[in-house]
Amino acid sequence: TKTILLASRPKGLPTNEQFQFDTLDLPAPAAGQVLLKTRYVSVDPYMRGRMNEGKSYIAPFTVGEPMAGGAVAEVVESQNPALPVGSLVVGNLPWQEYILSDGKGLNPVPADKAPISYFLGLLGMPGLTAYFGLLDICQPRAGETVVVSGAAGAVGMVVGQLAKIQGARVIGTAGSDEKVAYLKQLGFDEAINYKTTPDIAQALAAAAPAGVDCYFDNVGGPITDAVYDLLNKHARIALCGQISSYNDTEVPVGPRPESKLLKTSAKLQGFIVGDYYSRWPEGVQKLTEWYSQGKLQFEETITEGFDQIPAAFLGLFKGENTGKAIVKVA
Ligand code: NDP
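The rules behind each value
Residues numbered from 1 in each chain as written. Predicted model: local features only at pLDDT ≥ 70, side-chain atom pairs only at ≥ 80, totals over all residues. Near = placed C-beta within 6 Å. Nonpolar A, V, L, I, M, F, W, Y, C, P; charged D, E, K, R; others polar. Domains from an automatic or database assignment. Pairing = 2+ DSSP bridges. Helix = DSSP H or I, 4+ residues; strand = E, 2+ residues; numbered from the N terminus. Axes fitted to C-alpha atoms, helices over the stretch in contact; angles between N-to-C directions. Contact = placed C-beta atoms within 7 Å. Buried ≥ 20, exposed ≤ 12 C-beta atoms within 10 Å, placed from the backbone. Right-handed = clockwise from strand over helix to strand, strands pointing away. UniProt positions renumbered as here; feature names shortened; annotations may be inferred. Parallel < 35°, antiparallel > 145°, perpendicular 65-115°, else oblique. Left-handed = near helix turned anticlockwise from the far one by under 90°. Expected span 1.5 Å × (residues − 1).

Novice: It is not clear to me how the site of the ligand should be interpreted in this structure. Could you clarify?
Specialist: Around the ligand, the surrounding shell holds 30 residues, and the nearest of these are Gly 153, Val 155, Gly 175, Gly 241 and Gly 319. When grouped by side-chain class, the residues that make up the shell around the ligand number 16 nonpolar, twelve polar and two charged. Three or more residues apiece are contributed to the shell around the ligand by two domains, here domain 1 (2-121 + 299-328) and domain 2 (125-274).

Novice: Looking at this structure, how should I read the sheet that holds strand E10 (residues 190-193)?
Specialist: Whenever strands of a sheet pair, they do so through backbone hydrogen bonds, lying parallel or antiparallel. The six strands lie next to each other as E10-E9-E8-E11-E12-E13, forming an open sheet whose pairing is parallel. At either margin of the open sheet sits one strand with a lone partner, and together these are E10 and strand E13 (267-270). Adjacent strand axes in the sheet meet at a mean angle of 15°, parallel and antiparallel pairs treated alike. By the bridge criterion, four bridges tie strand E8 (residues 145-148) to strand E9 (residues 169-174) in an arrangement that is parallel. Note on E9: the bridge partner recorded for Val 146 is Val 170. Relative to E9, helix H3 (residues 154-165) is tilted by about 170°, and along the sheet it contacts E8, E9 and strand E11 (212-217). The strands touched by helix H4 (residues 177-186) are E9 and E10; relative to E10, the strand with the most contacts, the crossing angle is about 175°.

Novice: I tried to follow unusual backbone geometry on my own but got confused; where do I start?
Specialist: Backbone geometry follows two general trends: most residues other than glycine have a negative phi, and most peptide bonds adopt the trans configuration. Not every positive phi belongs to a glycine, and Gln 139 is a case in point at roughly 45°. Tracing the backbone through its elements, the reader meets Gln 139 in the loop between helix H2 (125-138) and E8. On the basis of neighbour counts, which here come to 14 C-beta atoms within 10 Å, the residue Gln 139 falls in the partly exposed class.

Novice: Quick question: what am I supposed to make of the environment of Gly 283 here?
Specialist: By the secondary structure assignment, Gly 283 is in helix H8 (residues 280-292). Setting aside residues no more than four positions away along its own chain, Gly 283 makes contact with Leu 128, Tyr 131 and Phe 132.

Novice: It is not clear to me how the environment of Asn 107 should be interpreted in this structure. Could you clarify?
Specialist: Secondary-structure assignment places Asn 107 in strand E7 (residues 107-108). Residue Asn 107 is classed as partly exposed on the basis of its C-beta count, with 13 C-beta atoms lying within 10 Å. When the C-alpha atoms of Asn 107 and Val 34 are compared, they prove to be 14 Å apart, with 73 residues separating the residues in sequence. When near neighbours in sequence (up to four residues on either side) are disregarded, Asn 107 contacts Val 89, Val 90 and Gly 91.

Novice: Would you explain the pairing of strand E12 (residues 231-239) in this entry?
Specialist: One face of the sheet, then the other: side chains in a regular strand alternate in exactly this way. The sheet contact formed by E11 and E12 spans five bridges and is parallel. Its bridge partner being in E12, Phe 216 is matched across the sheet by Ala 238. For the handedness criterion, the β-α-β arrangement of E11, helix H6 (residues 221-228) and E12 is classed as right-handed. When E12 meets E13, the two strands line up parallel, connected through four bridges. Within E13, the residue paired with Ala 238 across the bridge is Gln 269.

Novice: Got a minute to help me understand the pairing of strand E1 (residues 2-6) in this structure?
Specialist: Within E1, four of the five residues are buried, leaving the element largely enclosed by the surrounding structure. As paired strands, E1 and strand E2 (residues 19-23) are joined by five bridges and run antiparallel to one another. By the bridge assignment for E2, Thr 3 is matched with Asp 22.

Novice: I'm lost on the UniProt feature "domain: Enoyl reductase (ER)" (unreviewed entry) in the chain in this one. Help?
Specialist: With numbering matched to this structure, UniProt assigns "domain: Enoyl reductase (ER)" (unreviewed entry) to residues 14-327. With 27% helix and 25% strand, the stretch residues 14-327 has end C-alpha atoms that lie 18 Å from each other.

Novice: For this particular structure, what's the right way to read the packing of helix H5 (residues 200-207) against H6?
Specialist: When two helices pack together, their arrangement is given by the angle between the helix axes and by the axis-to-axis distance. In the contact formed by H5 and H6, the axes pass within 9 Å of each other and the chain directions differ by 45°. By the angle between their axes, H5 is oblique relative to H6. Relative to H6, the crossing made by H5 is right-handed. On the side of H5, the interface is formed by Ile 200, Ala 201 and Leu 204, while H6 contributes Pro 222, Ile 223, Ala 226 and Val 227. Taken together, the residues of the contact of H5 with H6 break down into seven nonpolar, no polar and no charged.

Novice: Explanation requested: H2 in the structure shown.
Specialist: Each full turn of the α-helix corresponds to 3.6 residues, which orients residues three or four apart in the same direction. The end-to-end C-alpha distance of H2, which contains 14 residues, comes to 18 Å, matching closely the 20 Å that a straight helix rising 1.5 Å per residue would cover. Inspection of H2 places Met 125, Pro 126, Gly 127, Leu 128, Thr 129, Ala 130, Tyr 131, Phe 132, Gly 133, Leu 134 and Cys 138 among the buried residues, and these make up the whole buried set. Gln 139 sits one or two residues past H2 and shows a positive phi near 45°.

Novice: It is not clear to me how the domain arrangement of the chain should be interpreted in this structure. Could you clarify?
Specialist: How big an interface is tends to be expressed through the accessible area that disappears when the partners come together. If you check the domain split of the chain, you get domain 1 (2-121 + 299-328) and domain 2 (125-274). In this structure, domain 1 and domain 2 have C-alpha centres spaced 29 Å apart. Facing 16 residues of domain 1, the contacting portion of domain 2 comprises 17 residues. Partitioned by chemical class, the residues of the side of domain 1 that touches domain 2 number four nonpolar, eight polar and four charged.

If you want it as structure tokens, here you go:
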């Protein structure tokens, strides 16, 4: 089977050089094992962190070993009665066309509920990130102003819609005019193209005349600096991601936000969606409910072909995706 290994650790923005295509011989499944055929692979910004050495909330990838991440796969051979041939599963799986598995850590994909790739997006890790980060940490109330950066991505587009369901006024930032138009179509009250706006601070201030009560931060950097100047008393900030600095080779510097948090009695909380693991069923149930009621829409950018996984991953850092970046393998 084909596989993609981490060839070397990147310095700065990764390139194709970091990925090595290889083939593996897989034995037939032994008792308790299944052979999985990969259907959809998720590419996610956090994988950039795993390409680095060093301690984090998740272990780094090993050089010379397969890259791995969220994937939906189908059981094509089975020696495990709990996973008959034809079963669809989602789990953390190596970037391989076929995978030998003992079934541990795999969850069933309820294909009657939504397109199966949604279990890597709206009804999977990114959707749950939006759900817990917004509803648990930001706790927006009706009439409050919510800003979400990276708004047209997998997490951001769900955050904005959930904030609308809560009755908030929602402002999003994103990197193209097409994305801005898409966010308006989704019901965002305001959307700003941070790449073409001459003055992001001014644009945000104009979009949030009543100040900002909640900020869901996916990107960090200058957008975040500008939002901090608009915080209202008792603002809540969910620090979800900092994609603008993931490829930095030096520690990014900027204004010190502490005095702004102090003056507004704001609450800033970093979080990892895995912190909420015990509550995932609740999140999936609520998201599924809103989706089936037509209250939540979802978008995917699907790239075709196993060989395109590295390109789709690298595309995250160029803003090539609207909604969830997915690779259709088979
Ligand atoms: P997205 O679908 O949002 O894809 C990444 C997007 O980031 C791109 O499309 C691009 O959109 C934007 N981007 C890339 N570079 C920059 C930059 N320099 N400045 C601003 N925006 C940039 O990814 P996800 O929705 O999966 O993830 C969003 C964020 O949430 C990431 O930071 C990720 O690490 C984090 N995350 C955190 C989790 C947690 O548990 N804390 C779990 C899941 C995700 P654009 O065109 O707008 O530039």
